[in-house]
Structures are given as structure tokens and as C-alpha cells.
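As a plain string of letters, each chain reads:
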Amino acid sequence: MSWLHRIIQRGKPVSNRFNLHEQDHEMWKDRARIAAEMIAALPDAGKAELKIADIGCGDQKLREEIRTLVPAVSYHGFDLLPQSPEVAKFDISRQPLGARFDVAVLLGVLEYVADVPGALRSLRQDCRYLIVSHSVSDFRKNPRRSKRKLGWKTLMSESDFTACLEEASFVIRECRPTSNQRTVIWACQ
Ligand SMILES: C[S@@+](CC[C@H](N)C(=O)[O-])C[C@H]1O[C@@H](n2cnc3c(N)ncnc32)[C@H](O)[C@@H]1O
């Protein structure tokens, strides 16, 4: 059992790496809800079982959100810091997924990755659909300060992030902001 599993089992707050001490925040739940709605709106949802890779899944809040909206799902959690034994340890900056999924999901993860275009290109090989969020710089008064304070490696504008998706050959189906307008979620194929 890892140190992180032991901390969670004792009911103590998780590490503040990757801002995980804020993982119960309403914005994070809002983001997961929107992502689940986007998955439910995919053409294949409800027709066949969707195999989903939730990369940087944290406490797997997306899993519960999907369960209520999409009946047939096979959910697989991946994370650099797994919070439970069923989550596979995985580093998107260094590894390809290495298996084919219907949907790959990245919520609040690419802010911690230096080479976002590289990560997106790598994922393109392994998924049919991508649901991805980015906390865009557009609505922040001082983006540099936010980036430093939150320990992010990447903070892009909405248009720059859109360009990265398109350069990695993703076609955007839909994009929606969270209710605080600071994060955008894209559904791509
Ligand atoms: C801000 S949290 C978001 C967690 C979850 N997606 C959510 O929305 O509640 C970022 C998550 O990404 C994971 N993470 C950070 N860098 C990663 C990497 N290079 N590869 C995989 N996971 C990573 C962290 O461990 C953390 O669980």
C-alpha cells in the first residue's frame, strides 16, 4: 500500500501536490459533471459499452458522474499519484497509454504537463474521443501569478489550447466553460 493510500484510509487530507487538497471544491465537481454530460452526448453512448481512460483521475469523481448518465461503461483510472489500488500508476509526460480506448479524459491535468502538444499527439493514437479541460488564461487578471501560485507548468489561452488540439489532429465537437468561466472543457473526436 502506498503512502497516499494510507493517508486516505486514515481520513486525512491528501497531499497538496497538484492542488489535491482542493479536490472536493465545487469547481472540480462542476468540471466532472460537464465532462460526464459530454460523454453521454457522444454518438456511441448507450449503444455499446464505452471503454474510458480517466487520466490523472484523482479521486475518480468522474466515475460516479458517468455512472448516473451512461449505463454501459468500462472505467479505467490512471494517475501519477494513485489514490486507490484500482488506479494504475501512469505518467502522461513519459508513457503512451499503450491500449486502445473509446474515450480518453484529462480533467485538470495538462496544466501540470510541460509538453502539452506531445501529450496530445501521443493520446491521438490511443483514443477515438477525447474530453479535455484547460484552465484558460483569458479570464485571469494575472495569469503568470496564478501559474506560479498553483504550481502549473502550462497555462494557455483558449485559442492557443484549441490550436494545440487541432495540431494533434483532434476535431472539436463541442466546448463549454465551467460555471466560474475559468476552465474550458473540449469534447473532440
Ligand atoms: C488537479 S488534479 C485533477 C484530478 C481529477 N482529474 C479531478 O478532476 O478531480 C490533477 C491530477 O493529475 C495527476 N497528474 C499530474 N501530473 C500527471 C502526469 N504527468 N501523469 C498522470 N497524472 C498526473 C495528479 O496526481 C492529480 O491527481
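Values in this document were obtained by computation on a predicted structure and should not be read as measured data.

Student: Can you explain the packing of helix α2 (residues 26-40) against helix α3 (residues 61-69)? Please cite residues and give values.
Tutor: What describes two packed helices is the angle between their axes and the distance between those same axes. Where α2 meets α3, the closest approach of the two axes is 9 Å, and the angle between their N-to-C directions is 40 degrees. Comparing the axis directions of α2 and α3 gives the class oblique. In this structure, the crossing between α2 and α3 has a hand that is right-handed. Only Lys61, Leu62, Glu65, Ile66 and Leu69 of α3 make contact with α2, whose side of the interface consists of Trp28, Lys29, Ala32, Arg33, Ala35, Ala36, Glu37, Ile39 and Ala40. Residue classes in the contact of α2 with α3 are distributed as nine nonpolar, no polar and five charged.

Student: Break down the sheet that holds strand β3 (residues 88-89) for me, with residues and values.
Tutor: In a beta sheet, neighbouring strands are held together by backbone hydrogen bonds and run either parallel or antiparallel to one another. Taken in spatial order, the seven strands of this open sheet run β3-β2-β1-β4-β5-β7-β6, and their pairing is mixed. A single partner strand is all that each edge strand has here, and the edge strands are β3 and β6 (172-177). Examined bridge by bridge, strand β1 (residues 50-55) and strand β4 (residues 101-106) share four bridges and lie parallel to one another. Within the sheet, the bridge partner assigned to Asp54 lies in β4 and is Val105. Against the sheet, α2 touches β4, β5 (127-135), β6 and β7 (183-188), its axis set at about 20 degrees to β7. Taken strand by strand, helix α6 (residues 158-167) contacts β5, β6 and β7, and its axis lies near 20 degrees from that of β7.

So, how was this worked out
Within every chain, residues take consecutive numbers counted from 1 along the sequence as written. For a predicted model such as this one, the threshold for reporting local features is a pLDDT of at least 70, and the threshold for listing and counting side-chain atom pairs is 80 or more; totals across whole chains, interfaces and linings nevertheless cover every residue. Helix axes are fitted to C-alpha atoms over the stretch in contact, other axes to C-alpha atoms as well, and angles between N-to-C directions run from 0 to 180 degrees. Labels follow the DSSP assignment, with helices taken as runs of H or I lasting at least four residues and strands as runs of E lasting at least two, numbered in each case from the N terminus. For this classification, under 35 degrees means roughly parallel, over 145 means roughly antiparallel, 65 to 115 means roughly perpendicular, and everything else is oblique. Two helices that cross are described as forming a left-handed crossing if the nearer one is turned anticlockwise from the farther one by less than a right angle, and a right-handed crossing if clockwise. For the purpose of contact definition, each residue receives a C-beta atom placed from its backbone, and two residues are in contact when these atoms lie within 7 Å. Amino acid classes used here: Ala, Val, Leu, Ile, Met, Phe, Trp, Tyr, Cys and Pro are nonpolar; Asp, Glu, Lys and Arg are charged; the rest, including Gly, are polar. When DSSP finds at least two bridges between two strands, those strands are taken to pair.

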